[in-house]
Amino acid sequence: MQAVLGIIYHTIGGGFSGSFYMPFSKVRGWSWESYWIVGGLFSWLLVPPLAAYLTIPDFPAIIASADFGTKSITFMMGLLWGIGGLTYGLGVRYLGMSLGNSVVLGFSSAFGALVPPIYYNFHPVEGKASFTDMLASAGGQLVLLGVIVCLLGIAISGRAGMLKEAELSEEDKKASVKEFSLAKGLIIAVISGILSAFFNYGIEAGKPLADEAVAQGSNPLFQNNVTYVVLLWGGLTTNFLWCMYLNAKNRTFGDYTNKSTPIASNVLFAGIAGTMWFLQFFFYGMGESKLGNGASSWITHMATIILTANMWGLYLKEWSGVSARTFRTFVAGIVVILVSIVLVGIGNSL
């Protein structure tokens, strides 16, 4: 039952993440850096402490009394993840929802799911499953098989994107993704995928905060909400500095007060996007409390984000005009990713 609940929570969270980019498409007349940081203020500064207050009332005291090393490492993981978050937006911008998410989250899945167990092989921690532990158990082996299958599905999705690149004219590609650029997008997406995995490491680094919340009587289901506050301060710092730099470089500070644009509407849609982004990890935290912060939690979450993003890609007609072969390849990637989720779920139940 624990595993089933964990999968459900991860699926809900992945759905929010795969959809969060959509409200940004409703923003009019603002540069990328302007609407990105407005959305970020909601997702990294305003909503996380609100969620923590509603679920862990004493979260400020827990953070204040925590060991400085714990807070600093958690914050640093957030800083590095923040770079991944920045480049994620650019990756989707140049590759589109379907291909961009498949590449970014593919690398994030692999690094986020497998690096922590490998780390625990060299630095054992009580209660944490190492890579060797996973290899030695039937459930762990099935989870690892699910990870491999997921990566295969992501590779198939990437192949579909390459076929699309070869088949469509520049005009056709721009019609579905206005700034489509395969080379530029792939470079950015790989960097983003690797650095985005640091969010998972940040949850691990901030575990003492979550443990203290539980020790003080908070519902274990929401224990990670206190960790998110510190972790996302790091993400906010990176994104805020970069967006302010771009505002200065591109002379776009005027976006926030430009009355020729729908300011209220832009803030509303950016705020909705930011809130939806945070909700992915609100539910991820719930799922992690049931499954544990191992390969299974991260890979399940990433896989459901990829699936949701690909569904939006279909809705936005990013695959219109491609050959039947290319579309079948795209569908095959989605099916393989679905199979990986099933394998991970079964592995966790063993």
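Structure's up top.
Residues numbered from 1 in each chain as written. Predicted model: local features only at pLDDT ≥ 70, side-chain atom pairs only at ≥ 80, totals over all residues. Heavy atoms only, no water.

Caption draft 1: Spotlight on the overall build of the chain. Each helix and strand counted, the chain has 15 helices and 0 strands in total. Evaluated residue by residue, the chain yields a buried proportion of 56% over its 350 residues. Summed over its atoms, the accessible surface of the chain is roughly 14800 Å², and 69% of this surface lies on carbon and sulfur atoms. (Helix = DSSP H or I, 4+ residues; strand = E, 2+ residues; numbered from the N terminus. Buried < 20%, exposed > 50% of the residue type's maximum accessible area, 1.4 Å probe, protein only. Areas by Shrake-Rupley, 256 points an atom, 1.4 Å probe, with all protein chains shown as cover.)

Caption draft 2: Expanded view of the environment of asparagine 310. Within the secondary structure, asparagine 310 is located in helix 14 (residues 295-315). Measuring from C-alpha to C-alpha, the distance between asparagine 310 and phenylalanine 330 comes to 9.0 Å, with 20 residues separating the pair along the chain.

Caption draft 3: View of helix 12 (residues 224-250). The end-to-end C-alpha distance of helix 12, which contains 27 residues, comes to 38 Å, matching closely the 39 Å that a straight helix rising 1.5 Å per residue would cover. The largest bend in helix 12 is about 25 degrees, located at valine 230. (Expected span 1.5 Å × (residues − 1). Bend = angle between axes of the 7 residues up to and from the residue.)

Caption draft 4: Spotlight on the environment of tyrosine 228. Mapped onto the elements of the fold, tyrosine 228 is located in helix 12. For the pair tyrosine 228 and alanine 52, spaced 176 residues apart in sequence, the C-alpha to C-alpha distance is 8.5 Å. Among all residues touching tyrosine 228, those that are not within four sequence positions of it are Phe199, Ile203, Phe278, Phe281, Phe282, Tyr284 and Gly285. (Contact = heavy atoms within 4.5 Å.)

Caption draft 5: Quick look at the packing of helix 2 (residues 32-55) against helix 12. At a minimum axis distance of 9 Å, the contact between helix 2 and helix 12 shows a crossing angle of 165 degrees. Between helix 2 and helix 12, the angle falls in the class roughly antiparallel. For the pair helix 2 and helix 12, the sense of crossing is left-handed. (Axes fitted to C-alpha atoms, helices over the stretch in contact; angles between N-to-C directions. Parallel < 35°, antiparallel > 145°, perpendicular 65-115°, else oblique. Left-handed = near helix turned anticlockwise from the far one by under 90°.)

Caption draft 6: Main features of the environment of cysteine 150. Assignment of secondary structure puts cysteine 150 in helix 7 (residues 138-167). Taking the C-alpha atoms as reference points, cysteine 150 and valine 339, separated by 189 residues in sequence, lie 7.8 Å from one another. Among all residues touching cysteine 150, those that are not within four sequence positions of it are Ile299, Ala303, Ile337 and Ser340.

Caption draft 7: Layout of the packing of helix 10 (residues 198-205) against helix 12. With their axes 9 Å apart at the nearest point, helix 10 and helix 12 run at an angle of 120 degrees to one another. If you check the angle between helix 10 and helix 12, you find them oblique. For the pair helix 10 and helix 12, the sense of crossing is right-handed. Across from Phe199, Gly202 and Ile203 in helix 10, the residues of helix 12 making contact are Asn224, Thr227, Tyr228, Leu231 and Leu232. Across the contact of helix 10 with helix 12, the residue classes break down as 5 nonpolar, 3 polar and no charged. (Nonpolar A, V, L, I, M, F, W, Y, C, P; charged D, E, K, R; others polar.)

Caption draft 8: Structural context of the side chain of threonine 87. For threonine 87, the location among the structural elements is in helix 4 (residues 68-95). In this structure the side chain of threonine 87 is engaged in a polar contact, spanning 2.9 Å, whose partner is the backbone oxygen of isoleucine 83. Engagement of the side chain of threonine 87 in a polar contact is seen with the backbone oxygen of glycine 84, the distance being 3.1 Å. Leaving out residues up to four positions away in the same chain, threonine 87 has contacts with Ile188, Ile191 and Ser192. (Polar contact = N/O pair within 3.5 Å; in protein donor to acceptor, adjacent residues only side chain to side chain.)

Caption draft 9: Seen up close, the packing of aromatic side chains. With the rule as written, the count across this model stands at 20 aromatic pairs. Look at phenylalanine 278 and phenylalanine 282: their rings are 6.5 Å apart centre to centre, the planes differ by 50 degrees, and that puts the pair in the tilted class. Of this pair, phenylalanine 278 and phenylalanine 282 are both found in helix 13 (residues 263-291), 4 residues apart, which corresponds to roughly one turn of the helix. A residue is classified by how much of its surface remains accessible, and phenylalanine 278, at 1% relative accessible area, is buried. Classification of phenylalanine 282 by relative accessible area gives buried; the value is 17%. Three or more aromatic residues joined by ring pairs form one cluster here, namely Trp44, Trp81, Phe199, Phe222, Tyr228, Trp277, Phe278, Phe281, Phe282 and Phe283. (Phe/Tyr/Trp six-rings, centres within 6.5 Å; stacked < 30°, edge-to-face > 60°.)

Caption draft 10: Main features of the nonpolar core. Grouped together as the largest cluster of nonpolar side chains are 62 residues, with contacts concentrated most on Trp36, Trp44, Phe199, Tyr228, Leu232, Trp277 and Phe278. Ranked by residue count, the leading element in this core is helix 13, at 9 residues. Among all residues touching leucine 232, those that are not within four sequence positions of it are Ser43, Trp44, Pro48, Trp81, Phe199, Trp277 and Phe278. If you look at the next biggest cluster of nonpolar residues, it comprises 11 residues, including Ile63, Leu209, Ala213 and Val229. (Core = buried A, V, L, I, M, F, W, Y, C linked by side-chain atoms within 4.5 Å.)

Caption draft 11: Layout of empty space enclosed by the protein. Per the counting criterion, the structure on display carries 2 cavities of 30 Å³ or more. In this structure, the largest cavity encloses a volume near 280 Å³. Trp81, Gly85, Tyr88, Trp277 and Gln280 are, among the 24 residues lining the largest cavity, the residues nearest its centre. Counting only elements with at least two residues in the lining of the largest cavity, the list comes to helix 2, helix 4, helix 5 (97-122), helix 13 and helix 14. (1 Å grid on protein atoms, 1.4 Å probe; cavity = no way out; pocket = protein on both sides within 12 Å on 5 of 7 lines; lining within 4 Å. Points joined across faces, edges and corners; volume = space filled by probe spheres on them.)

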